[in-house]
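So you can see what is in the structure, the chains are spelled out below.
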Number of protein chains: 2
Amino acid sequence: MEQNAIQDLWPDIGTHCWGCGKNNAMGLQLKSYWEGDETVCTWQPKDYHKAWLGILCGGIIATLIDCHCTNTANAAAYRAEGREIGTEPLIGYATGSLFVKYLQPTPIDKPVVLRARVKEIQERKTTVSCSLYSGETECATGEVVAVRIV
Amino acid sequence: MEQNAIQDLWPDIGTHCWGCGKNNAMGLQLKSYWEGDETVCTWQPKDYHKAWLGILCGGIIATLIDCHCTNTANAAAYRAEGREIGTEPLIGYATGSLFVKYLQPTPIDKPVVLRARVKEIQERKTTVSCSLYSGETECATGEVVAVRIV
């Protein structure tokens, strides 16, 4: 059975985010999936997401890491309660802080793959670490502290 | 005499960045200006830059901080040499790392103002700190380590 993306399981009110909302036609619409204890997102840049000829914009990379990690924190909280994402009572996380380290220029002409893992879960804060790859090359790493707001 | 935006002084090859390039019609096209020892950027979000109803997306905030700070590092290097931005030999910086702390939800229906300041200039790395305001409210702070590549 095909797995739904984490972002596609939210109620409609939570699906308009420019980074990851399925109902934001102007946005990046990234999709994150569980793969064991990791979450994985594969995303194809468009040419206008460039920083420079052939190179993906750092702000787009930051957005991908932010949304992928915050969705991971949210999904992990549901998983800890043994519940389906989006079921009531709703669990919601927002980004408290975001750190991105750019290791290599990221080519824009092929998909990037993000892999994230929960590093620590506290009562109201979850820390998620992430790597962004182009092919076999790790182009950026990131860490998000997500804060529970609902 | 009106001051040119830092981004508008680059040669054409450097004006396609999704965050700040004047020749990227799909991008944010932010503009940064010197104001004494600070650089200032005022930018009006569009409705589709939301994270949630009425709230600006964290990835957009990260992009604004990234591009505003990296342009500041670049402009500061030209200023240190007493030269106009974009003059030969070209000076170029890329983002080495980006940190953003989200303090408050940022309203999407009015302009945000970013203020950045150079914290440290080393031979190949410049650290720039930044605050993002909505009206009088400081909604996010950030720090970029920009790396000289040209």
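Keep in mind that what you see is a predicted model, and the values were worked out from it rather than measured. Counting restarts for each chain, with residues numbered from 1 along the sequence as it is written. Both sets of labels track the order of writing: A upward for chains, 1 upward for ligands. Local features are withheld for residues below a pLDDT of 70 in this predicted model, meaning they are given only at 70 or higher, and side-chain atom pairs are given and counted only at 80 or more; totals for whole chains, interfaces and linings count all residues. With hydrogens and water stripped out, all remaining heavy atoms of the structure feed into the side-chain values.

J.: How do you make sense of the sheet that holds strand S6 (residues 112-121) of chain B when you look at a structure like this?
T.: Sheet strands line up and pair through hydrogen bonds in the backbone, either parallel or antiparallel. With respect to topology, 12 strands assemble into an open sheet ordered S1(A)-S2(A)-S6(A)-S7(A)-S8(A)-S5(A)-S5(B)-S8(B)-S7(B)-S6(B)-S2(B)-S1(B), the strand pairing being antiparallel. The two strands at the open ends of the sheet, each matched to only one other strand, are strand S1 (33-35) of chain A together with strand S1 (33-35) of chain B. When the angles between neighbouring strand axes are averaged without regard to direction, this sheet yields 25°. In the sheet, strand S7 (residues 125-134) of chain A pairs with strand S8 (residues 137-148) of chain A via 10 bridges, with the strands oriented antiparallel. Bridging from a neighbouring strand, Leu 132 of chain A pairs with Ala 140 of chain A of S8 of chain A. Pairs of residues are marked as contacts when any of their non-hydrogen atoms sit within 4.5 Å. For every element, the axis is a line fit to its C-alpha atoms; helices are fit only across the contacting stretch, and the angle between N-to-C directions ranges from 0 to 180 degrees. Every helix listed is a DSSP run of H or I at least four residues long, and every strand listed is a run of E at least two residues long, numbered separately from the N terminus. Most of the contacts of helix H1 (residues 58-80) of chain A go to strand S5 (residues 93-102) of chain A, to which it runs at about 135°, and overall it touches S1, strand S2 (38-43), S5, strand S6 (112-121), S7 and S8 of chain A together with strand S5 (93-102) of chain B. DSSP calls a pair of strands paired once it identifies at least 2 bridges connecting them.

J.: Mind showing me how you'd approach a nonpolar patch on the surface here?
T.: The residues that make up patches have over 30% relative accessible area and no salt bridge, and they are joined within 9 Å when like-charged or within 5 Å when they are Val, Leu, Ile, Met, Phe, Trp or Tyr. The accessible surface values rely on the Shrake-Rupley method and a 1.4 Å probe; as for residues, cover is taken only from the protein chains in view. Salt bridges are counted wherever a side-chain nitrogen of Lys or Arg sits within 4 Å of a carboxyl oxygen of Asp or Glu. Together, Ile 13 of chain A together with Trp 52 and Leu 53 of chain B make up an exposed nonpolar region whose accessible area comes to about 330 Å². Tracing the backbone shows Ile 13 of chain A in the segment before S1. Per-residue accessibility, obtained with a 1.4 Å probe over protein chains only, is compared with the maximum for each type, and a residue is labelled buried under 20%, exposed over 50%, and partly exposed between these values. Judged by its relative accessible area of 45%, Ile 13 of chain A is partly exposed.

The quantities given are spatial measurements derived from coordinates; they are silent on function.
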